[in-house]
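Listed here are the chains, written in short residue letters.
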Amino acid sequence: MTDVIAHLHSSAFVLAVPDLTKSAAYFRDVLGFHLTWPEGLGWQQASRGSVRIMLGHSPNALSPADTGDHNYFAYLYVDDADALYEEFLRNGAILVAAPENKAHGMREFTVATPDGHRMVIGQDLT
C-alpha cells in the first residue's frame, strides 16, 4: 500500500459577519478587495491578489470584538508593508498598529474590520 498525499492548492478565510452589506463594502471600498459573488445569497467573496475572504451573513454570531485575541484570523504577506499601510490609512481603514520591524525579521502592522476581526500584514525583511 502506498501513502497518498493530498496537496492543498489554495485557501480562503471564512468570516461570520452581522451585516454582510456593510462588511463587503469595507473590504471593497477601504481595503481594496474586489467582490466576486452575487449579492443576495447570504455570502460574499472578497478577493485581492491571491487572498480570498468569504463573508457569511451571521447576524446572531458572537461578535469578534468579544473574543479578545481570538479575533485574529489572518497573517497576510506583502512586498511593501508601508505602501499598503499608507493606502489603508488614506482609505480610512481601522488601523490597530502601525508598521514596526519585529525581532523575527518581519515588518508588520495590524488592521481590523468594523466587526472586530483583525489581520496582521507582514513584509519579510530578511
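As shown above, the structure is provided for reference.
Residues numbered from 1 in each chain as written. Predicted model: local features only at pLDDT ≥ 70, side-chain atom pairs only at ≥ 80, totals over all residues. Heavy atoms only, no water.

### Regarding a nonpolar patch on the surface
- A cluster of nonpolar side chains, contributed by Val 14, Trp 37 and Trp 43, occupies part of the molecular surface with about 290 Å² of accessible area.
- Position of Val 14 relative to the elements: it lies in strand S1 (residues 13–17). (Patch = residues over 30% accessible without salt bridge, like charges linked within 9 Å, V, L, I, M, F, W, Y side chains within 5 Å. Areas by Shrake-Rupley, 256 points an atom, 1.4 Å probe, with all protein chains shown as cover. Salt bridge = Lys/Arg side-chain N within 4 Å of Asp/Glu carboxyl O. Helix = DSSP H or I, 4+ residues; strand = E, 2+ residues; numbered from the N terminus.)

### Looking at helix H2 (residues 81–91)
- Restricting attention to buried positions, one finds in H2 the residues Ala 81, Leu 84, Tyr 85, Glu 87 and Phe 88. On an axial view of H2, the arc spanned by its buried residues comes to 160 degrees, and they lie on one face.
- Each element contacted by the buried residues of H2 is listed here: helix H1 (20–30), strand S3 (43–48), strand S6 (94–101), strand S7 (106–112) and strand S8 (118–124).
- Where H2 begins, one side-chain oxygen reaches toward the backbone nitrogen of Asp 82, 3.2 Å away; that side chain belongs to Asp 80. (Buried < 20%, exposed > 50% of the residue type's maximum accessible area, 1.4 Å probe, protein only. Arc of directions from axis to C-beta. Contact = heavy atoms within 4.5 Å. Polar contact = N/O pair within 3.5 Å; in protein donor to acceptor, adjacent residues only side chain to side chain.)

### Overview of the nonpolar core
- By size, the foremost hydrophobic cluster in this structure holds 25 residues, and its most contacted members are Phe 27, Leu 31, Ile 53, Leu 55, Phe 109, Val 111 and Met 119.
- When residues of this core are traced back to their parent elements, those giving at least two are S1, H1, strand S4 (51–57), strand S5 (72–77), H2, S7 and S8.
- Considering every element that reaches this core, the biggest residue donor is H1, with five residues. (Core = buried A, V, L, I, M, F, W, Y, C linked by side-chain atoms within 4.5 Å.)

Keep in mind these numbers describe shape, not what the thing actually does.
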